[in-house]
Amino acid sequence: MTEVFDLPDLGEGLPDAEIVRWFVKVGDVVEAEQPIVEMETAKAVVEVTSPQSGRIIKLHGQEGDVIETGTPLVTFGNAEEFRSAQESSPSQEETGETESRVQTDKISFSAPVVALARKLKVDLGKLAEIKGKQAITLSDVRQAAEEQTALLETPSKAAPVENVTGSNTIAIDFGKGVRAAPRVRSTAKQSGLDISVLKSTGHQDNVTLKDIHNKRVHRPATQATGPGEYRLPQRTQEVTGKPMPIRGDRRSMALNMAKARDTTVNTMITEKADISAWPEKTDVSVRLLRAVTAACMVEPSLNAWFNGEKLERTLHTVVNIGIAVDSPHGLSVPVIKGAEKLSNEELRAELNRLREAVYSKTIKPQELQDATITLSNFGMIAGLFATPIVIPPQVAIVATGRIMEELKLTDQGIVNARYIPVSLSFDHRGATGGDAARFLAAFVADLSLPY
Amino acid sequence: MPTITLVESVNMALDHELQRDPDVVLLGEDIGKSGGVFRATDGLYGKYGERRVLDTPLAESLIVGLSVGMASQAMRPVAEIQFMGFIFPAFNQIATAVARMRNRTRGRITLPMVIRMPYGGGIHAPEHHSESTEALLAHLPGLKVVIPSDPARAYGLLLAAIRDPDPVIFLEPKRVYRVMKQDVEDNGEAYPLECCFVEREGSDITLVSWGAMMHETRQAAALMEAEGISCEVIDLVTIAPLDIRTIVESVEKTGRCVIIQEAPRSGGIASEIAAELAEKAILSLLAPIGRVTGYDTVMPYARTEHRYMPDVERIVDEIRKTMEFQ
């Protein structure tokens with residue numbers, strides 16, 4: 001069995017010591033306390049004695065080498081190990097050299113040269129050109145500054161922030177390179193907005209809370225220059241006026257919608273859900289998801305797949321809710337699977353995750369499959385009622401509009417009530433009007449609960 | 001070009017300046033005949049004699065006080081304090097004379113002097129031998145505080161410190177005095193003071209450190225690179241006055257920053273950098289500014305000091321935390 005003897009601390013906290021002279025060689029048998037090596041520390045020359053008796057099968061350094069405290073000095077072993085060590089060890093594979101050179105910067109400018117050039121406002125690229133060489137020294141920079149050659153043209157403004165595409169996989173950089181206060185970033189995120197596509201109107205070209213608000217209510221920022229003067233809003237994206245092929249999400253939307261029209265019997269029914277009882281800061285999306293799940297429990301006929309060719313339907317045991325997500329790339333419908341098993345917090349977390357995945361285009365194909373029913377909350381942008389299209393083999397799609405306020409006559413008098421307008425489309429081949437109405441009643445009832 | 005350690009490059013720089021400028025004088029405890037507690041002045045007494053390399057009594061107030069007198073008469077004293085923990089008897093001279101002579105005399109008298117001292121832990125030393133109190137000195141207007149992180153920088157920066165017309169506190173990271181070697185040419189080329197060095201460019205996160213901690217910071221950056229996280233590494237070099245512009249520009253690019261210091265957490269240079277970034281780079285930050293530091297307690301003795309000082313693992317943890325912030 002081999003035993004390694006590490007270099008002990010030879011003084012008061014000395015980090016290393018240099019080998020002056022070995023008193024032993026590989027293969028020697030030594031006694032405990034026998035001097036084996038003479039080491040020079042920063043302070044003195046010291047004899048190091050063997051901690052044990054035994055055969056030395058390896059010396060971890062040659063005379064003149066520096067050994068760090070706590071790293072191997074010699075290895076002890078038996079005769080057999082000595083032989084195998086002799087055979088296997090290539091001579092001096094490790095040089096014992098510690099970290100040697102500084103990270104060299106790109107081209108040949110060393111970090112101090114770059115720092116001095118910044119300080120003296122010297123343009124290193126220009127200087128290298130003038131000097132006709134790539135290795136610029138500190139003296140070159142000092143000389144250039146003195147002779148006023150190769151100076152930076154503009155007094156070094158912050159380098160333009162490139163849209164750095166970080167190669168990391170950990171973070172999704174929502175709005176890297178965009179200037180915005182932390183609160184603005186978090187608000188944008190909560191609103192599901194990609195901050196990098198927002199117009200920035202802040203004093204330092206930063207995105208402000210107002211910019212987010214403007215985008216949220218879908219009112220592009222326009223500024224009337226005086227009273228009574230009107231100006232058309234600016235286009236929010238580039239247009240060419242020519243036919244362009246569509247790809248990706250928009251293409252699959254076009255194909256699916258046409259197929260849906262040709263195969264289903266799309267029938268719609270609408271209702272208003274009274275949400276006046278909701279406490280402040282209720283998470284609308286989570287409540288909608290919960291209400292869909294509750295309604296599927298009450299009326300499973302709409303949580304179903306219908307096969308028109310075989311004339312069969314599948315009433316599902318799980319509730320997989322497809323969520324219509326509007327992103328810059330188009331419409332996509334990621335699926336929250338097993339919604340009936342998820343708490344409010346879990347629903348919110350899953351929704352955020354899927355939405356970010358859609359925005360960052362990292363959504364996986366299987367996360368877009370197996371929906372048993374679909375929810376679209378177009379009211380986040382605008383609109384009250386709609387005619388949603390059922391995507392086969394699903395039987396139903398629920399779509400909700402913008403929260404509206406209306407005066408309501410009650411026993412206590414006139415009160416201000418808040419409603420969510422609901423549009424439910426179903427494939428009349430796969431469900432009856434009664435099924436749909438029962439589903440809608442359960443949906444609205446769940447939504448009206450205070451919690 | 002010799003391949004030398006940091007302490008050897010300090011020796012080379014001192015040698016160069018003694019040779020070049022007859023006004024340069026070294027003084028300190030045991031620096032002459034014995035060559036210094038860490039051998040930084042090894043061989044210089046023999047080469048330049050007792051009028052250039054002075055062994056002083058064991059009295060730090062005298063060492064600094066004498067330097068003030070010499071510097072005010074246009075000499076260039078380079079004083080050595082054996083350990084940073086021994087500076088306190090001389091703190092009066094530093095705070096009341098060294099730092100403010102130029103101001104007090106309305107610019108008529110400047111003090112071209114350097115006070116060298118090894119700082120920091122990690123060498124299993126007794127009490128008062130391991131502290132990193134650079135912030136105490138950086139807080140005094142009128143002092144430049146400089147900390148090199150490798151042999152080449154120690155050489156170039158010490159030349160710059162000796163040639164500077166004003167007092168420079170030169171802190172030497174004794175833990176890495178001998179852990180790395182570099183090819184350092186004795187070319188008399190001074191490095192710039194008052195600017196930090198961007199020694200590795202990156203796009204995801206900015207790491208700022210100085211002195212001995214650069215060693216761990218570089219290792220952490222290399223580890224993160226292997227995971228696909230691109231770190232920009234900045235060596236602060238001059239602790240005071242702070243070159244905050246370079247750091248702000250880096251953080252504007254990366255959006256994230258972790259600062260690594262060996263000193264206790266509160267009231268240190270890391271806090272100062274974080275405050276400056278909060279003022280000047282708030283609009284670019286994607287995550288809170290992270291700090292990896294020692295703790296707000298007296299530096300422990302040998303057996304537990306490794307738990308006190310930031311290591312690669314703690315730095316990596318903080319980088320991950322900062323990168324994962326959403």
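Owing to the predicted nature of the structure, the values given are computational and were not obtained by experimental measurement. (Residues numbered from 1 in each chain as written. Chains lettered and ligands numbered in written order. Predicted model: local features only at pLDDT ≥ 70, side-chain atom pairs only at ≥ 80, totals over all residues.)

Asks: Honestly, the overall build of chain B in this entry has me stumped. Any pointers?
Replies: Regarding its fold elements, chain B presents 12 helices and 14 strands. Counting only residues that meet the buried cut, chain B has 60% of its 326 residues in that class. (Helix = DSSP H or I, 4+ residues; strand = E, 2+ residues; numbered from the N terminus. Buried ≥ 20, exposed ≤ 12 C-beta atoms within 10 Å, placed from the backbone.)

Asks: Even after reading the chapter, I still don't get the nonpolar core, so can you show me in this structure?
Replies: In this structure, Val146 and Leu158 of chain B are the most contacted members of the largest nonpolar core, which totals 142 residues. Among the elements that make up this core, the one with the highest residue count is helix α7 (residues 151-163) of chain B (nine residues). Ignoring sequence-local partners within four residues, the contact set of leucine 158 of chain B consists of Val10, Ala13 and Phe170 of chain B. Of all hydrophobic cores here, the second largest spans 45 residues; its members include Ile323, Val390, Ile420 and Phe426 of chain A. (Core = buried A, V, L, I, M, F, W, Y, C linked by C-beta atoms within 7 Å. Contact = placed C-beta atoms within 7 Å.)

Asks: Looking at this structure, I do not really get the pairing of strand β18 (residues 404-410) of chain A. What am I missing?
Replies: Look at any regular strand and the pattern is simple: side chains alternate between the two faces of the sheet. Residue and element names in this part refer to chain A. Little of β18 is tucked away, with zero of its seven residues classed as buried. Pairing of β18 with strand β19 (residues 413-427) involves seven bridges; the strand directions are antiparallel. Bridging across to β19, methionine 404 finds its partner in tyrosine 419. Two successive antiparallel strands, β18 and β19, enclose a turn made up of two residues. (Pairing = 2+ DSSP bridges.)

Asks: Just checking my understanding: could you explain the sheet that holds strand β2 (residues 16-22) of chain A for this structure?
Replies: Pairing between sheet strands relies on hydrogen bonds along the backbone, with the strands arranged either parallel or antiparallel. Residue and element names in this part refer to chain A. The antiparallel open sheet is built from four strands, whose spatial order is β5-β4-β2-β7. The open sheet has two edge strands, β5 (45-49) and β7 (66-68), and neither has a second partner. Shown here is a sheet whose adjacent strand axes are inclined to one another by a mean of 40°, direction ignored. Here β2 pairs with strand β4 (residues 35-40) via four bridges, running antiparallel. By the bridge assignment for β4, arginine 21 is matched with glutamate 38. (Axes fitted to C-alpha atoms, helices over the stretch in contact; angles between N-to-C directions.)

Asks: Teacher, can you tell me more about the confidence of the model for chain A here?
Replies: Residue and element names in this part refer to chain A. In this model, chain A carries an average pLDDT of 82, and 84% of its residues clear a pLDDT of 70 or more. Under a pLDDT of 50 for its full length, residues 89-106 has, in the predicted model, 22 contacts with residues more than four places off or in other chains. Confidence drops under a pLDDT of 50 for residues 155-172, and excluding neighbours within four residues, the segment shows 34 contacts in the predicted structure. (pLDDT = per-residue confidence, 0-100.)

Asks: Got a minute to help me understand the confidence of the model for chain B in this structure?
Replies: Where the model shows low pLDDT, its predicted coordinates should not be examined in detail. Residue-level pLDDT values for chain B average 96, and 100% of them are 70 or greater. With pTM at 0.58, the complex prediction returns an ipTM value of 0.83.

Asks: Just checking my understanding: could you explain the packing of helix α9 (residues 244-254) of chain B against helix α10 (residues 269-280) of chain B for this structure?
Replies: All names here are of chain B. Two elements in contact, α9 and α10, have axes separated by 10 Å at closest approach and are oriented at 60°. With respect to their mutual orientation, α9 and α10 come out oblique. For the pair α9 and α10, the crossing hand works out as right-handed. In this structure, α9 uses Ile244, Ile247, Val248 and Val251 to contact α10, whose residues at the interface are Ile273, Glu276, Leu277 and Lys280. Class assignment of the residues belonging to the contact of α9 with α10 gives a composition of six nonpolar, no polar and two charged. (Parallel < 35°, antiparallel > 145°, perpendicular 65-115°, else oblique. Left-handed = near helix turned anticlockwise from the far one by under 90°. Nonpolar A, V, L, I, M, F, W, Y, C, P; charged D, E, K, R; others polar.)

Asks: Just checking my understanding: could you explain the sheet that holds strand β14 (residues 290-292) of chain B for this structure?
Replies: All names here are of chain B. The strand order across the open sheet formed by five strands is β9-β11-β10-β13-β14, and the pairing between neighbours is mixed. Both outer strands of the open sheet, β9 (197-200) and β14, are each paired with one neighbouring strand and no more. When strand polarity is set aside, the average angle formed by the axes of neighbouring strands in this sheet is 25°. Alignment of strand β10 (residues 205-209) against strand β11 (residues 231-235), held across five bridges, turns out to be parallel. Note on β11: the bridge partner recorded for valine 208 is isoleucine 234. The strands touched by α10 within the sheet are β10, β13 (257-260) and β14, with β13 carrying the most contacts at an inclination of about 160°.

Asks: Help me understand helix α4 (residues 138-146) of chain A, please; the structure alone is not making it clear to me.
Replies: Residues and elements named next belong to chain A. All of the buried residues in α4 are Leu138, Asp140, Val141 and Ala144. Projected onto a plane normal to the axis of α4, the buried residues spread over an arc of 160° and lie on a single side. Tucked inside the fold, the buried residues of α4 contact α2 (111-120) and α3 (124-131). One or two steps after α4, the chain reaches glutamine 148, where phi turns positive at roughly 60°. (Arc of directions from axis to C-beta.)

Asks: Help me out: how do you make sense of unusual backbone geometry in this one?
Replies: Where the residue is not glycine, phi is negative for most of them; where a peptide bond is considered, it is trans in most cases. Backbone torsion omega between proline 392 of chain A and proline 393 of chain A reads 10°, so that peptide bond is classified as cis. Mapping proline 393 of chain A onto the fold places it in the loop between β16 (373-376) and β17 (396-400). Proline 241 of chain B follows alanine 240 of chain B through a cis peptide bond whose omega is -10°. Topologically, proline 241 of chain B is positioned in the loop between β12 (238-240) and α9. Positive phi, normally seen in glycine, also occurs at glutamate 33 of chain A, with a value near 75°. Structurally, glutamate 33 of chain A can be placed in the loop between β3 (29-30) and β4. The backbone of lysine 361 of chain A sits at a positive phi, close to 60°, despite the residue not being glycine. Overall, the presence of 11 C-beta atoms within 10 Å leaves lysine 361 of chain A in the exposed class.

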